[in-house]
Amino acid sequence: MKKLVILGIIILSMLVISCGKTYDEYLSQGSELQDSKEYQSSLESYESAIAKAETPEQRVAANIKAGNLVAKYLKDYDKADDFYMATISDVNDYSPGDLRDLAKQALAVQANKAAVKMYTIWLEKFSEDPNAVIVKYEFAEVYHKNVLDLRKAIGVYEEIVDQYPDTEQAPKALFSIGYIYANELGENDAATKYYSKFIGTYPNHEMAPSVEFELKYLGKSLEEIPELQHLLSKTS
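Residues numbered from 1 in each chain as written. Predicted model: local features only at pLDDT ≥ 70, side-chain atom pairs only at ≥ 80, totals over all residues. Heavy atoms only, no water.

### Section: the overall build of the protein
Rule in force here: For the purposes of this entry, the term helix denotes a DSSP run of H or I that reaches at least four residues, the term strand denotes a run of E that reaches at least two, and both are numbered from the N terminus. Only protein chains enter the calculation, and the probe is 1.4 Å; a residue is then buried if its accessible area is under 20% of its type maximum, exposed if over 50%, and partly exposed in between. Only the protein chains shown count as cover for residues, and the accessible areas themselves come from Shrake-Rupley with a 1.4 Å probe.
A tally of regular secondary structure across the protein gives 13 helices and 0 strands. For the protein, the α and β elements follow one another from N to C terminus as α-α-α-α-α-α-α-α-α-α-α-α-α. Split into buried and exposed, the 236 residues of the protein put 39% on the buried side. Carbon and sulfur atoms form 53% of the exposed surface of the protein, whose accessible area is close to 13,700 Å².

### With respect to the pattern of salt bridges
As a reminder, the rule being used: Salt-bridge detection follows one rule: a side-chain nitrogen of Lys or Arg within 4 Å of a carboxyl oxygen of Asp or Glu.
Inspection of the entire model under this criterion finds 6 salt bridges. Two residues, K145 and E141, come together in a salt bridge whose shortest N-O distance is 2.8 Å. Here K145 and its partner E141 are both found in helix α8 (residues 132-147), 4 residues apart, which amounts to about one turn of the helix. Residue class for K145 comes out exposed when judged on its relative accessible area of 54%.

### As for the layout of surface pockets
Selection rule: Space inside and on the surface of the protein is sampled on a 1 Å grid over the protein atoms alone, with a cavity defined as a set of points where a 1.4 Å probe fits but cannot get out and a pocket as an open set with protein on both sides within 12 Å along at least 5 of 7 lines; lining residues have an atom within 4 Å of a point. Grid points are joined across faces, edges and corners, and a volume is the space filled by probe spheres set on the points. Asp, Glu, Lys and Arg are counted as charged, while Ala, Val, Leu, Ile, Met, Phe, Trp, Tyr, Cys and Pro are counted as nonpolar; the rest, among them Gly, fall into the polar class.
Approximately 150 Å³ is the volume attributed to the largest pocket. Considering the residues around the largest pocket, the lining is formed by 11 residues, among which N183, E214, Y217, L218 and I225 are closest to the centre. Broken down by class, the residue content of the lining of the largest pocket amounts to 6 nonpolar, 3 polar and 2 charged.

### Focus: the side chain of Q34
Going by this rule: Two N or O atoms form a polar contact when they lie within 3.5 Å of each other; inside protein one atom must be a possible hydrogen donor and the other a possible acceptor, and for residues adjacent in sequence the pair counts only when both atoms belong to side chains. Pairs of residues are marked as contacts when any of their non-hydrogen atoms sit within 4.5 Å.
By secondary structure assignment, the location of Q34 is in helix α2 (residues 23-35). At 3.0 Å, the side chain of Q34 forms a polar contact with the side chain of Y46. Contact partners of Q34, with chain neighbours within four places excluded, come to Y39, S42, Y46, L69 and Y73.

### Re the environment of H205
Inspection of the secondary structure puts H205 in the loop between α11 (188-201) and α12 (208-216). Residue classification places H205 among the partly exposed residues on the basis of a relative accessible area of 22%. For the pair H205 and P171, spaced 34 residues apart in the sequence, the C-alpha separation amounts to 8.0 Å. Look past the residues within four positions of H205 in its chain and what remains in contact with it is P171 and F198. One polar contact links the side chain of H205 to the main-chain amide nitrogen of M207, over a distance of 2.9 Å.

### Some details on α11
Operational definition: In a helix, the anticipated span is given by 1.5 Å times the number of residues less one. Our arc is simply the arc of the directions from the helix axis toward the C-beta atoms.
Taking 1.5 Å as the rise per residue, α11 with 14 residues should run 20 Å; its terminal C-alpha atoms sit 20 Å apart, in good agreement. Every buried residue belonging to α11 is among A190, A191, Y194, Y195 and F198, and all of these are buried. Across the axial projection of α11, the buried residues extend over an arc of 125°, all falling on one side. Away from its buried face by more than 90 degrees, α11 exposes D189, K193 and G200. Taken together, the buried residues of α11 touch α9 (150-163), α10 (169-184) and α12.

### Focus on the packing of aromatic side chains
What counts here: Stacked, tilted and edge-to-face are the three classes assigned to paired rings of Phe, Tyr and Trp, where Trp is represented by its six-membered ring and a pair needs centres within 6.5 Å; plane angles under 30 degrees give stacked, over 60 edge-to-face, the rest tilted. As a reminder, the over-ring test applies to NZ of lysine and CZ of arginine, requiring each to be within 6 Å of the ring centre and within 35 degrees of the ring normal.
A complete count under the given rule lists 10 aromatic pairs for this structure. Across the ring face of Y137, the terminal group of K172 is positioned such that the distance to the ring centre comes to 5.0 Å.

### Some details on the packing of α8 against α9
Short version of the rule: Lines fitted to C-alpha atoms define the axes here, with helix axes fitted over just the stretch in contact, and angles between the N-to-C directions of these axes take values from 0 to 180 degrees. Orientation is classified from the angle alone, with under 35 degrees giving roughly parallel, over 145 giving roughly antiparallel, 65 to 115 giving roughly perpendicular, and any other angle giving oblique. Handedness of a crossing follows from how the near helix is turned relative to the far one, being left-handed for an anticlockwise turn of less than a right angle and right-handed for a clockwise one.
It is the contact of α8 with α9, at a shortest axis distance of 7 Å, that shows an interaxial angle of 160°. One element, α8, and the other, α9, form an angle in the roughly antiparallel class. Read as a crossing pair, α8 and α9 show a hand that is left-handed. Contact with α8, carried on its side by V133, K136, Y137, F139, A140, E141, Y143 and H144, involves L150, K152, A153, V156, Y157, E159, I160 and Q163 of α9 and no other residues of that element. Considered class by class, the residues forming the contact of α8 with α9 number 10 nonpolar, 2 polar and 4 charged.

So, in structure tokens, the structure goes:
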């Protein structure tokens, strides 16, 4: 009986020790397992670190590590999105620069939904920031090139054109609207409208010749554009 009691105490002690790791220990263990290419075990350690986190900073750091792991090594981009999305409740006190950096980290691992949410929060909280137009242009590019939601991209580009007409981003946004309509949506009437608006608003802009070229041959095939015949001869 005494031996059974002692054995029970030993087992209980082992369980307490195994379950008693700190946040830092779980995070360090996760990194070591990741280096050893034991990715599932590494993820479990990062998830334990998230559960043990006592501060917003700790939770954000552990969620980022877990998100990066599942994206890079497990190719589970939905799960990466979930981890990055989980950071949002802890970024209330983030500076404009820190929140923008976090959005870019999310994009780097294809956590696109989280990135969209972060950019949305940024623009709501820091609309008077000197970098607002730059961030809004980045947001439009996220819809255009990452999320591939062309209509929403057009909407954000239009906001830039309307709200910040004298910035360097405005002509680029206006060109992008015309380009999307012409080359990605195949809506030539809309493309003509926005390309014409570009020429009328920014006639001396360095992109004006490109816009004029687009307008001249809008809807034409490569074979119908004399200036591009040399490209056909190279591929034939």
